[in-house]
2 protein chains.
Amino acid sequence: MEAKRAASDGLRPGEAALSVEPVPAPAKLYFIGRIFTPWATREECPRQGDLHGPLCRVEIAETWVSALVGIQSFERLQLLYWMHLSRRDLVLQNPRQGGEVHGTFALRSPLRPNPIASSLVALERVEGASLFVRGLDCITGTPLLDIKPEHCPRA
Amino acid sequence: MEAKRAASDGLRPGEAALSVEPVPAPAKLYFIGRIFTPWATREECPRQGDLHGPLCRVEIAETWVSALVGIQSFERLQLLYWMHLSRRDLVLQNPRQGGEVHGTFALRSPLRPNPIASSLVALERVEGASLFVRGLDCITGTPLLDIKPEHCPRA
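Residue positions are given per chain, counting from 1 as you read along its sequence in written order. In the order they appear in the text, chains get letters beginning with A and ligands get numbers beginning with 1. Predicted model: local features are reported for residues with pLDDT of at least 70 only, side-chain atom pairs are reported and counted for 80 or more only, and whole-chain, interface and lining totals are derived from all residues. The basis for every side-chain value is the complete set of non-hydrogen atoms in the structure, without hydrogens or water.

Asker: What exactly am I supposed to notice about the sheet that holds strand β3 (residues 33-36) of chain A here?
Answerer: Residue and element names in this part refer to chain A. Between any two strands, at least two bridges found by DSSP are needed for them to pair. Strands here are runs of E lasting at least two residues and helices are runs of H or I lasting at least four, both read from the DSSP assignment and numbered beginning at the N terminus. Spatially, β3-β4-β9-β8-β5-β10 is the arrangement adopted by the 6 strands of the closed barrel, whose pairing is antiparallel. Adjacent strand axes in the sheet meet at a mean angle of 45° when their direction is disregarded. Judged from the 3 bridges that link them, β3 and strand β10 (residues 142-149) form a sheet pairing that is antiparallel. Within the sheet, the bridge partner assigned to Arg34 lies in β10 and is Pro143. Axis definition: a line fitted to C-alpha atoms, limited for helices to the stretch in contact. Angles are taken between N-to-C directions and run from 0 to 180 degrees.

Asker: Before we go on, may I ask you to explain the environment of Gly141 of chain A in this structure?
Answerer: All names here are of chain A. Inspection of the secondary structure assignment puts Gly141 in the loop between β9 (130-134) and β10. Each residue gets one of three labels from its accessible area relative to the maximum for its type: buried under 20%, exposed over 50%, partly exposed in between, using a 1.4 Å probe on protein chains only. Taking the relative accessible area as the measure of exposure, Gly141 reaches 15% and is therefore buried. Beyond its immediate stretch of four places on either side in the chain, Gly141 contacts Arg34, Ile35, Phe36 and His84. Residues count as neighbours in contact if any of their non-hydrogen atoms are within 4.5 Å of one another.

Asker: Please clarify how the sheet that holds strand β7 (residues 102-103) of chain B should be interpreted in this entry.
Answerer: Adjacent strands of a sheet pair through backbone hydrogen bonds, lying either parallel or antiparallel. Taken together, 3 strands build an open sheet; the order of strands is β1-β6-β7 (chain B) and the sheet is antiparallel. Unpaired on one side and paired on the other, β1 (16-17) and β7 of chain B mark the two borders of the sheet.

Asker: Would you explain the pattern of salt bridges in this entry?
Answerer: Between side chains of opposite charge, a pair can form as their charged atoms come close. When a carboxyl oxygen of Asp or Glu is within 4 Å of a side-chain nitrogen of Lys or Arg, the pair counts as a salt bridge. All chains considered together, the criterion is met by 12 salt bridges over all chains. Taking the shortest distance from any N to any O, the salt bridge between Asp146 of chain A and Arg112 of chain B comes out at 2.8 Å. Taken together, the positions of Asp146 of chain A in strand β10 and Arg112 of chain B in the loop between β7 and β8 (116-127) put the pair across two chains. The exposure class assigned to Asp146 of chain A is buried, which follows from its relative accessible area of 0%. Assessed through its relative accessible area of 0%, Arg112 of chain B is described here as buried. One salt bridge connects Glu59 of chain B with Arg57 of chain B, and the closest N-O pair in it is separated by 2.8 Å. If you follow the salt bridges from partner to partner, you end up with Arg112 of chain A together with Asp146 and Lys148 of chain B in one network.

Asker: Looking at this structure, how should I read the pairing of strand β4 (residues 56-60) of chain B?
Answerer: Two faces belong to every sheet, and in a regular strand the side chains alternate between them. Residues and elements named next belong to chain B. The alternating pattern of β4 places Cys56, Val58 and Ile60 on a buried face and Arg57 and Glu59 on a face that is not buried. Note: strand β3 (residues 33-36) against β4, 4 bridges, orientation antiparallel. Within β4, the residue paired with Arg34 across the bridge is Glu59. Alignment of β4 against strand β9 (residues 130-134), held across 4 bridges, turns out to be antiparallel. Bridge pairing links Cys56 to Val133 in β9.

This is the structure:
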(Lines give C-alpha, C1' and ligand atoms only; values in the text may rest on other atoms or scores of the structure.)
Protein backbone atom coordinates (compact mmCIF):
# COMPACT_ATOMS: atom_id res chain seq x y z
CA MET A 1 0.00 0.00 0.00
CA GLU A 2 1.39 3.32 -1.05
CA ALA A 3 -0.26 4.97 1.91
CA LYS A 4 1.73 2.84 4.35
CA ARG A 5 4.93 4.52 3.29
CA ALA A 6 3.51 7.86 4.23
CA ALA A 7 5.53 10.60 5.82
CA SER A 8 3.76 11.13 9.13
CA ASP A 9 4.94 14.62 10.00
CA GLY A 10 2.23 17.12 10.73
CA LEU A 11 -0.68 14.79 10.07
CA ARG A 12 -3.90 14.87 12.05
CA PRO A 13 -5.65 11.66 13.17
CA GLY A 14 -6.87 9.57 10.28
CA GLU A 15 -4.88 11.45 7.66
CA ALA A 16 -2.62 9.66 5.25
CA ALA A 17 0.11 10.76 2.91
CA LEU A 18 2.22 8.94 0.38
CA SER A 19 5.57 9.26 -1.25
CA VAL A 20 4.74 11.15 -4.36
CA GLU A 21 6.69 9.06 -6.81
CA PRO A 22 6.59 11.54 -9.52
CA VAL A 23 5.60 10.56 -12.98
CA PRO A 24 6.25 14.21 -13.64
CA ALA A 25 4.33 15.54 -16.52
CA PRO A 26 6.44 16.86 -19.36
CA ALA A 27 4.61 20.04 -18.58
CA LYS A 28 6.03 23.18 -17.07
CA LEU A 29 3.95 25.97 -15.67
CA TYR A 30 4.61 29.61 -16.42
CA PHE A 31 3.79 32.08 -13.72
CA ILE A 32 1.96 34.80 -15.63
CA GLY A 33 1.65 37.22 -12.75
CA ARG A 34 1.23 37.55 -9.04
CA ILE A 35 -1.66 38.15 -6.66
CA PHE A 36 -1.55 40.71 -3.87
CA THR A 37 -4.03 40.30 -1.01
CA PRO A 38 -4.33 41.60 2.57
CA TRP A 39 -3.24 38.21 3.95
CA ALA A 40 0.40 37.61 4.78
CA THR A 41 0.09 34.11 6.25
CA ARG A 42 -2.01 31.08 5.51
CA GLU A 43 -3.62 31.35 8.94
CA GLU A 44 -5.04 34.78 8.07
CA CYS A 45 -6.56 33.68 4.77
CA PRO A 46 -10.32 33.21 4.65
CA ARG A 47 -11.44 29.65 4.17
CA GLN A 48 -13.25 30.64 0.99
CA GLY A 49 -13.30 33.73 -1.20
CA ASP A 50 -16.15 36.22 -0.93
CA LEU A 51 -17.26 38.30 -3.92
CA HIS A 52 -17.86 41.15 -1.46
CA GLY A 53 -14.54 40.62 0.30
CA PRO A 54 -11.54 42.95 0.27
CA LEU A 55 -10.14 44.35 -2.96
CA CYS A 56 -7.09 42.45 -4.19
CA ARG A 57 -4.65 43.33 -6.94
CA VAL A 58 -3.65 40.89 -9.66
CA GLU A 59 -0.49 41.98 -11.43
CA ILE A 60 0.10 40.54 -14.89
CA ALA A 61 3.68 39.95 -16.03
CA GLU A 62 4.72 42.35 -18.79
CA THR A 63 5.02 39.55 -21.33
CA TRP A 64 1.32 38.79 -21.05
CA VAL A 65 -0.26 42.22 -20.71
CA SER A 66 -1.54 42.29 -24.29
CA ALA A 67 -3.49 39.09 -23.57
CA LEU A 68 -5.77 41.24 -21.39
CA VAL A 69 -7.47 42.90 -24.40
CA GLY A 70 -11.22 42.75 -23.86
CA ILE A 71 -11.02 41.61 -20.24
CA GLN A 72 -12.73 44.75 -18.92
CA SER A 73 -16.04 43.67 -20.45
CA PHE A 74 -16.40 40.82 -17.95
CA GLU A 75 -17.90 41.31 -14.50
CA ARG A 76 -16.77 37.92 -13.29
CA LEU A 77 -13.54 36.08 -14.00
CA GLN A 78 -12.14 32.72 -13.10
CA LEU A 79 -8.60 32.87 -11.75
CA LEU A 80 -6.28 29.89 -11.48
CA TYR A 81 -3.31 30.25 -9.17
CA TRP A 82 -0.57 28.13 -7.70
CA MET A 83 -0.71 27.49 -3.96
CA HIS A 84 3.04 27.36 -3.70
CA LEU A 85 3.18 26.61 0.03
CA SER A 86 1.07 23.47 -0.09
CA ARG A 87 2.36 19.97 0.51
CA ARG A 88 1.38 17.73 -2.38
CA ASP A 89 1.47 14.24 -0.95
CA LEU A 90 -1.74 14.00 1.11
CA VAL A 91 -4.31 11.43 0.01
CA LEU A 92 -6.52 11.52 3.11
CA GLN A 93 -7.18 14.70 5.06
CA ASN A 94 -8.84 15.60 8.33
CA PRO A 95 -10.21 19.12 7.90
CA ARG A 96 -9.21 21.59 10.59
CA GLN A 97 -12.87 22.29 11.29
CA GLY A 98 -13.08 18.72 12.53
CA GLY A 99 -15.41 16.15 11.12
CA GLU A 100 -14.63 13.18 8.98
CA VAL A 101 -11.52 12.19 7.15
CA HIS A 102 -11.94 12.70 3.41
CA GLY A 103 -9.98 11.87 0.34
CA THR A 104 -8.09 14.84 -1.09
CA PHE A 105 -10.31 14.88 -4.18
CA ALA A 106 -13.44 15.15 -2.00
CA LEU A 107 -12.10 18.39 -0.49
CA ARG A 108 -11.20 21.83 -1.82
CA SER A 109 -8.23 21.97 0.56
CA PRO A 110 -5.13 23.68 -0.88
CA LEU A 111 -3.15 20.52 -0.13
CA ARG A 112 -3.37 18.45 -3.32
CA PRO A 113 -1.10 16.78 -5.86
CA ASN A 114 -1.32 19.79 -8.16
CA PRO A 115 -2.06 22.72 -5.86
CA ILE A 116 -4.01 24.74 -8.40
CA ALA A 117 -6.71 26.95 -6.91
CA SER A 118 -9.69 28.08 -8.91
CA SER A 119 -11.67 31.10 -7.75
CA LEU A 120 -14.50 33.11 -9.19
CA VAL A 121 -13.83 36.82 -8.71
CA ALA A 122 -15.68 40.07 -9.31
CA LEU A 123 -13.67 42.40 -11.55
CA GLU A 124 -13.81 46.00 -10.29
CA ARG A 125 -11.41 47.66 -12.69
CA VAL A 126 -8.37 47.28 -14.90
CA GLU A 127 -5.38 49.65 -14.63
CA GLY A 128 -2.62 48.81 -17.08
CA ALA A 129 -1.17 45.50 -15.98
CA SER A 130 -3.27 45.34 -12.81
CA LEU A 131 -6.71 43.88 -12.27
CA PHE A 132 -8.56 44.82 -9.10
CA VAL A 133 -10.85 42.02 -7.97
CA ARG A 134 -12.83 40.68 -5.02
CA GLY A 135 -13.30 37.03 -4.15
CA LEU A 136 -9.80 35.73 -3.46
CA ASP A 137 -8.66 33.64 -0.51
CA CYS A 138 -4.89 33.29 -0.90
CA ILE A 139 -1.82 34.79 0.71
CA THR A 140 -0.20 37.80 -0.84
CA GLY A 141 2.45 36.97 -3.41
CA THR A 142 0.66 33.90 -4.76
CA PRO A 143 1.71 33.11 -8.35
CA LEU A 144 -0.98 33.45 -11.03
CA LEU A 145 -1.50 30.73 -13.64
CA ASP A 146 -4.50 31.77 -15.70
CA ILE A 147 -7.41 34.16 -16.15
CA LYS A 148 -10.59 33.10 -17.96
CA PRO A 149 -14.02 34.64 -18.39
CA GLU A 150 -16.54 33.15 -16.00
CA HIS A 151 -17.76 29.75 -17.01
CA CYS A 152 -21.47 29.34 -17.57
CA PRO A 153 -22.11 25.63 -17.89
CA ARG A 154 -25.10 24.50 -19.87
CA ALA A 155 -27.23 23.05 -17.08
CA MET B 1 7.05 44.96 -28.45
CA GLU B 2 7.05 41.31 -27.58
CA ALA B 3 4.22 40.74 -30.02
CA LYS B 4 6.38 41.84 -32.95
CA ARG B 5 8.61 38.82 -32.50
CA ALA B 6 5.66 36.56 -32.88
CA ALA B 7 5.76 33.28 -34.70
CA SER B 8 3.27 33.81 -37.47
CA ASP B 9 2.51 30.22 -38.41
CA GLY B 10 -1.13 29.28 -38.32
CA LEU B 11 -2.42 32.63 -37.14
CA ARG B 12 -5.71 34.14 -38.29
CA PRO B 13 -6.04 37.84 -39.12
CA GLY B 14 -5.45 40.08 -36.12
CA GLU B 15 -3.97 37.34 -34.00
CA ALA B 16 -0.64 37.77 -32.29
CA ALA B 17 1.77 35.42 -30.61
CA LEU B 18 5.00 35.97 -28.74
CA SER B 19 8.13 34.06 -27.97
CA VAL B 20 7.31 32.58 -24.66
CA GLU B 21 10.51 33.42 -22.91
CA PRO B 22 9.95 31.12 -20.08
CA VAL B 23 10.38 32.24 -16.56
CA PRO B 24 9.47 28.65 -15.85
CA ALA B 25 7.90 28.18 -12.50
CA PRO B 26 9.78 25.86 -10.20
CA ALA B 27 6.58 23.91 -10.36
CA LYS B 28 6.04 20.55 -11.95
CA LEU B 29 2.68 19.05 -12.63
CA TYR B 30 1.80 15.46 -11.86
CA PHE B 31 -0.67 13.79 -14.15
CA ILE B 32 -3.01 12.06 -11.70
CA GLY B 33 -5.04 10.20 -14.30
CA ARG B 34 -6.43 10.32 -17.78
CA ILE B 35 -9.75 11.21 -19.36
CA PHE B 36 -11.47 9.04 -21.95
CA THR B 37 -14.09 10.67 -24.15
CA PRO B 38 -15.79 9.86 -27.46
CA TRP B 39 -13.67 12.48 -29.26
CA ALA B 40 -10.45 11.43 -30.97
CA THR B 41 -9.50 14.77 -32.52
CA ARG B 42 -9.79 18.38 -31.48
CA GLU B 43 -12.11 19.05 -34.39
CA GLU B 44 -14.67 16.57 -33.02
CA CYS B 45 -14.69 18.05 -29.53
CA PRO B 46 -17.69 20.15 -28.54
CA ARG B 47 -16.94 23.78 -27.98
CA GLN B 48 -18.20 23.53 -24.42
CA GLY B 49 -19.11 20.68 -22.12
CA ASP B 50 -22.75 19.73 -21.58
CA LEU B 51 -23.92 18.21 -18.29
CA HIS B 52 -26.29 16.06 -20.36
CA GLY B 53 -23.61 15.17 -22.91
CA PRO B 54 -22.06 11.74 -23.44
CA LEU B 55 -20.71 9.68 -20.58
CA CYS B 56 -16.94 9.95 -20.22
CA ARG B 57 -14.57 7.92 -18.07
CA VAL B 58 -11.97 9.50 -15.81
CA GLU B 59 -9.31 6.99 -14.79
CA ILE B 60 -7.34 7.81 -11.67
CA ALA B 61 -3.72 6.66 -11.45
CA GLU B 62 -3.24 3.90 -8.88
CA THR B 63 -1.14 6.11 -6.62
CA TRP B 64 -4.04 8.47 -6.07
CA VAL B 65 -7.03 6.13 -5.85
CA SER B 66 -7.32 6.44 -2.06
CA ALA B 67 -7.73 10.21 -2.46
CA LEU B 68 -11.18 9.44 -3.93
CA VAL B 69 -12.67 8.56 -0.50
CA GLY B 70 -15.96 10.41 -0.13
CA ILE B 71 -16.15 11.53 -3.76
CA GLN B 72 -19.34 9.56 -4.46
CA SER B 73 -21.34 11.93 -2.25
CA PHE B 74 -20.97 14.78 -4.75
CA GLU B 75 -23.29 15.21 -7.71
CA ARG B 76 -21.09 17.82 -9.35
CA LEU B 77 -17.33 17.95 -9.53
CA GLN B 78 -14.82 20.39 -10.93
CA LEU B 79 -12.16 18.75 -13.07
CA LEU B 80 -8.89 20.38 -14.05
CA TYR B 81 -7.03 18.85 -16.98
CA TRP B 82 -4.07 19.60 -19.18
CA MET B 83 -4.79 20.48 -22.80
CA HIS B 84 -1.58 18.93 -23.96
CA LEU B 85 -2.00 19.73 -27.66
CA SER B 86 -2.38 23.47 -27.22
CA ARG B 87 0.13 26.04 -28.29
CA ARG B 88 0.98 28.30 -25.38
CA ASP B 89 2.27 31.47 -26.97
CA LEU B 90 -0.87 33.22 -28.24
CA VAL B 91 -1.68 36.59 -26.71
CA LEU B 92 -4.35 37.69 -29.20
CA GLN B 93 -6.80 35.27 -30.76
CA ASN B 94 -9.42 35.39 -33.46
CA PRO B 95 -12.08 32.85 -32.51
CA ARG B 96 -12.96 30.34 -35.21
CA GLN B 97 -16.60 31.40 -34.99
CA GLY B 98 -15.48 34.75 -36.32
CA GLY B 99 -15.97 38.00 -34.57
CA GLU B 100 -13.46 40.20 -32.85
CA VAL B 101 -9.90 39.57 -31.87
CA HIS B 102 -9.62 39.09 -28.12
CA GLY B 103 -6.82 38.77 -25.65
CA THR B 104 -6.20 35.20 -24.56
CA PHE B 105 -7.39 35.98 -21.02
CA ALA B 106 -10.72 37.27 -22.37
CA LEU B 107 -11.38 33.86 -23.97
CA ARG B 108 -11.83 30.32 -22.70
CA SER B 109 -9.89 29.00 -25.71
CA PRO B 110 -7.64 26.00 -24.96
CA LEU B 111 -4.69 27.98 -26.34
CA ARG B 112 -3.20 29.73 -23.30
CA PRO B 113 0.10 30.06 -21.48
CA ASN B 114 -0.89 27.35 -19.02
CA PRO B 115 -3.39 25.20 -20.91
CA ILE B 116 -5.37 24.13 -17.87
CA ALA B 117 -9.04 23.45 -18.55
CA SER B 118 -11.64 23.65 -15.82
CA SER B 119 -14.98 21.92 -16.31
CA LEU B 120 -17.96 21.31 -14.13
CA VAL B 121 -19.17 17.73 -14.55
CA ALA B 122 -22.06 15.63 -13.34
CA LEU B 123 -20.84 12.51 -11.51
CA GLU B 124 -22.87 9.44 -12.48
CA ARG B 125 -20.98 6.72 -10.63
CA VAL B 126 -17.64 5.59 -9.24
CA GLU B 127 -16.21 2.17 -10.07
CA GLY B 128 -12.87 1.52 -8.42
CA ALA B 129 -10.39 3.90 -10.03
CA SER B 130 -12.89 5.15 -12.60
CA LEU B 131 -15.33 8.04 -12.40
CA PHE B 132 -18.11 8.20 -14.97
CA VAL B 133 -19.09 11.79 -15.69
CA ARG B 134 -20.90 14.03 -18.16
CA GLY B 135 -19.88 17.56 -19.08
CA LEU B 136 -16.45 17.20 -20.66
CA ASP B 137 -15.23 18.72 -23.91
CA CYS B 138 -11.73 17.32 -24.44
CA ILE B 139 -10.13 14.71 -26.65
CA THR B 140 -9.72 11.20 -25.35
CA GLY B 141 -6.45 10.63 -23.53
CA THR B 142 -6.30 14.09 -21.98
CA PRO B 143 -4.20 14.11 -18.79
CA LEU B 144 -6.03 14.85 -15.55
CA LEU B 145 -4.64 17.37 -13.04
CA ASP B 146 -7.20 17.67 -10.26
CA ILE B 147 -10.68 16.80 -9.01
CA LYS B 148 -12.50 19.07 -6.57
CA PRO B 149 -16.05 19.20 -5.25
CA GLU B 150 -18.13 21.79 -7.06
CA HIS B 151 -17.42 25.31 -5.95
CA CYS B 152 -20.32 27.29 -4.56
CA PRO B 153 -19.13 30.86 -4.34
CA ARG B 154 -20.74 33.11 -1.77
CA ALA B 155 -22.54 35.51 -4.07
